[in-house]
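# Observations on chain architecture
Residues per chain are reported as follows:
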Amino acid sequence: MAQTLTAPKVKVDRAWQLYIDGKFTNGTSERILINPADGKPLCKVQEAGKEQVQKAIEAARKAFDHGPWRKTTAADRAALLFKLAEKIEENGEELAEIETLNCGKPLRESRFDVADAAACFRYYAGLATKPHGQAVDVPAPSVTSVVREPIGVCGQIIPWNYPLLMAAWKLAPALAAGNTCILKPSEYTPLTAIRLAELLEEVGLPPGVVNVVNGLGPAVGQPIAESTLVDKIAFTGSVKTGKIIAQAALSNLKKVTLELGGKSPMIVFADFDLDTAVDYALFAIYANAGQVCSAGSRLIVEDKIHDEFVRRMAERAGKIKVGPGLEPDTEMGPLVSEAQYKRVLDYIEVGKKEGAAIKCGGNKAEGKQLEGGYYIQPTLFTQTKPNMRIVQEEIFGPVAVVQKFAGEQAAIDLANDTQYGLAGAVFTNDVTRAHRVVHALRAGITWVNTYHNTYNECPWGGYKQSGWGRELGTYGFEAYTEVKQVNINIDPVPVEWFKK
């Protein structure tokens, strides 16, 4: 008999509905969500049909074109976002537990995500009132300025690995700039997005400004991307889906931001402390069970320390406590769904067939607490080759591959040998080499002697097929604005370009 797990404190057996034009409503179908910790039904959630998606789009359009939100001052928008940040913190433990139940991550990670989501709304609340235009010195009698205005209606499609935080990354800058939004959470993890809609209602957001529509990509995401009533689409997810969305967005040449996949390198030179490097490597790949777009999934290790690095990495990875996210001693939770669980196990089999060697893990994790759940052992592959699928393709699970190098340029070449360019890190005590290597990495987010640091103040996005544009920071705010040139003639007299 399976061991009794820690009972949740929050109630998820309740109505989880769509949020359209300021009202919670049922959808045209219903989905049973599965708890990834035990594979059992968690709750039911409403999903939208084509007609409801259109209503959400029209509500956002009406709210932008004729509602009060666009005319709201930056100070008033900021005040509302500050209130929302406070609401998130007030309900922080509830939100964290819902997040853990829905997507499986350890409660300690969910708590961090909730705090970061509140900080994101607070950052953009502060940014909303800051200067965003330019005054231009031009010949009299013109007075010329450049202003930033909201784009309009924004379709926002978010993934399942950071449900609440990704909603914050999308909504916070869009609302701060004065836009209206249609948010589509992942069909696997919509719960905290729906709870966030309830908090937005509590703080007084006008109807139609934010609409939350749950459902599958083809039924919900595709119509949003194709709609000519939508002015911008922002998507976080796979490269494959990102390309489909980019094609759909051509319907009216809407603005597009894409934050896509990664196969990020972590380069370790021999002069760096080995135990510290291993510690960061564990965090880089096994945090959130490797379900992180910027995960350090390729460990590029100098040949002088390769064998000892692998030995210590495997030893520590084998000690990671895998279990249900609500259990206080759990260090790594389950994967989000059965589909993702099978996908990662398939990749492990691919790695074996390709000839890579498994130094730890390589199987589903088993135990009394793990029965029925989607658990995979922390896995480490060595003896890899650059053309292997497990080296080139994003696995999105707790699977790391080790590559060996001799010489700085070889490390750079291995690091850049991928279609992706989201993130990368270098570990060395040589500050000059650190500068050389980190600037040689073809990636949008880089670290020296650290990994996974994320700041709301800094841009997030990648090179190559890791996406278009940037989120977060002032860059993320500007991505939700249009730039307008304003010329005012303060002394209007006939120009007399043509003779009378």
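Residues numbered from 1 in each chain as written. Predicted model: local features only at pLDDT ≥ 70, side-chain atom pairs only at ≥ 80, totals over all residues. Heavy atoms only, no water.

In terms of regular secondary structure, the chain is built from 15 helices and 22 strands. Computed over C-alpha atoms, the radius of gyration of the chain comes to 24 Å, within 12% of the 23 Å expected from 2.2 N^0.38 for 500 residues, which places it in the range of a compact globule. Dimensions of the chain, computed from C-alpha atoms along their principal axes, come out at roughly 85 × 55 × 35 Å. Counting over 500 residues, the chain shows a buried share of 57%. Pairs at least 24 residues apart make up 74% of the contacts formed inside the chain by residues separated by at least 6 positions. (Helix = DSSP H or I, 4+ residues; strand = E, 2+ residues; numbered from the N terminus. Rg over C-alpha atoms; globule rule 2.2 N^0.38 Å. Buried < 20%, exposed > 50% of the residue type's maximum accessible area, 1.4 Å probe, protein only. Contact = heavy atoms within 4.5 Å.)

The next thing to look at is helix 8 (residues 239–248). Within helix 8, burial applies to Val239, Gly242, Ile245, Ala246 and Ala248. Lining the buried residues of helix 8 we find strand 7 (153–157), helix 7 (217–226), strand 10 (232–236), strand 11 (255–259), strand 17 (420–421) and strand 21 (467–468).

What follows concerns the sheet that holds strand 5 (residues 134–136). Taken together, the 3 strands give an open sheet; going across it, the order is 5-6-22, and neighbouring strands pair in antiparallel fashion. Where the open sheet ends on each side, the last strands, each with one partner, are strand 5 and strand 22 (481–489). The average undirected angle you get between the axes of adjacent strands in this sheet is 20°. Two strands pair when backbone bridges link them, and strand 5 and strand 6 (residues 142–150) are joined in this way by 3 bridges, in the antiparallel orientation. Among the inter-strand pairings, Gln134 is bridged to a residue of strand 6, identified as Val146. (Pairing = 2+ DSSP bridges. Axes fitted to C-alpha atoms, helices over the stretch in contact; angles between N-to-C directions.)

With 127 residues, the main nonpolar core has Phe121, Tyr286, Leu299, Phe309, Met313, Leu380 and Ile390 as its most contacted residues. If one sorts the elements of this core by residue count, helix 5 (residues 163–177) sits on top with 12 residues. Apart from residues lying up to four places away in sequence, Tyr286 is in contact with Met313, Ala317, Ile320, Met332, Pro378, Thr379, Leu380, Pro398, Val399 and Ala400. Residues Val53, Ala56, Val153 and Leu258 belong to the second largest nonpolar core, which totals 27 residues. (Core = buried A, V, L, I, M, F, W, Y, C linked by side-chain atoms within 4.5 Å.)

With the rule as written, the count across this model stands at 30 salt bridges. Two residues, Arg311 and Glu308, come together in a salt bridge whose shortest N-O distance is 2.6 Å. You can see Arg311 and its partner Glu308 sitting in helix 10 (residues 306–317), 3 residues apart, about one turn around the helix. (Salt bridge = Lys/Arg side-chain N within 4 Å of Asp/Glu carboxyl O.)

Here we come to a nonpolar patch on the surface. A contiguous nonpolar patch, built from Val143, Ile488 and Ile490 and spanning about 280 Å² of accessible area, is present on the exposed surface. Within the secondary structure, Ile488 is located in strand 22. (Patch = residues over 30% accessible without salt bridge, like charges linked within 9 Å, V, L, I, M, F, W, Y side chains within 5 Å. Areas by Shrake-Rupley, 256 points an atom, 1.4 Å probe, with all protein chains shown as cover.)

The pairing of strands in a sheet happens through backbone hydrogen bonds and is either parallel or antiparallel. Overall, mixed pairing links the 7 strands, which are arranged 14-15-16-13-12-18-19 in an open sheet. At either margin of the open sheet sits one strand with a lone partner, and together these are strand 14 (357–360) and strand 19 (445–448). Ignoring which end each strand starts from, the neighbouring axes of this sheet average 20° apart. Both strand 18 (residues 423–427) and strand 19 contribute to a ladder of 4 bridges, which runs parallel. Of the residues in strand 19, the one forming a bridge with Val426 is Val448. Docked against the sheet, helix 10 engages strand 12 (265–268), strand 13 (298–302), strand 14, strand 15 (379–382) and strand 16 (399–405), running at close to 140° with respect to strand 13. Of the strands in this sheet, strand 14, strand 15 and strand 16 are in contact with helix 11 (residues 338–354), which crosses strand 15 at around 25°.

Contact geometry of helix 2 (residues 74–90) with helix 6 (residues 191–202) gives a least axis separation of 9 Å together with a crossing angle of 130°. For the element pair helix 2 / helix 6, the angle class is oblique. Crossing geometry of helix 2 relative to helix 6 is assigned as right-handed. Contacts from Leu84, Lys87 and Ile88 of helix 2 reach helix 6 at Leu196, Leu199, Leu200 and Glu202. In terms of residue class, the contact of helix 2 with helix 6 is made up of 5 nonpolar, no polar and 2 charged. (Parallel < 35°, antiparallel > 145°, perpendicular 65-115°, else oblique. Left-handed = near helix turned anticlockwise from the far one by under 90°. Nonpolar A, V, L, I, M, F, W, Y, C, P; charged D, E, K, R; others polar.)

What follows is about the packing of aromatic side chains. According to the stated counting rule, one finds 9 aromatic pairs in the structure shown. Seen in terms of ring centroids, Tyr19 and Phe24 are 4.5 Å apart; in terms of plane orientation they differ by 40°. Their pairing is tilted. You can call Phe24 partly exposed: its relative accessible area is 25%. Geometrically, the ring pair formed by Trp160 and Phe396 is edge-to-face, given 5.4 Å between the ring centres and 80° between the ring planes. With a gap of 236 residues between them, Trp160 in the loop between strand 7 and helix 5 and Phe396 in the loop between helix 12 (389–392) and strand 16 connect regions that are remote in the sequence. Phe396 shares its class with Trp160; the two are buried. What links up through ring pairs into an aromatic cluster is the set Phe272, Tyr280 and Phe427. Between the NZ or CZ atom of Lys232 and the centre of the ring of Tyr480, over which it lies, the distance is 4.9 Å. Lying across the ring of Phe269, Arg433 places its NZ or CZ 4.1 Å from the centre. (Phe/Tyr/Trp six-rings, centres within 6.5 Å; stacked < 30°, edge-to-face > 60°. Lys NZ or Arg CZ within 6 Å of the ring centre and 35° of its normal.)

What follows covers helix 3 (residues 92–103). With 12 residues, helix 3 should cover 16 Å at 1.5 Å per step; its first-to-last C-alpha distance of 16 Å lies within 8% of that length. Taken across its 12 residues, helix 3 has 10 buried, putting it largely inside the fold. For helix 3, the set of buried residues is Gly92, Leu95, Ala96, Glu97, Ile98, Glu99, Thr100, Leu101, Asn102 and Cys103. Check the buried side of helix 3 and you find it contacts strand 3 (29–35), strand 4 (40–47), helix 2, helix 4 (107–128), helix 5 and helix 6. Gly104, located one to two residues past helix 3, shows a positive phi value of around 95°. (Expected span 1.5 Å × (residues − 1).)

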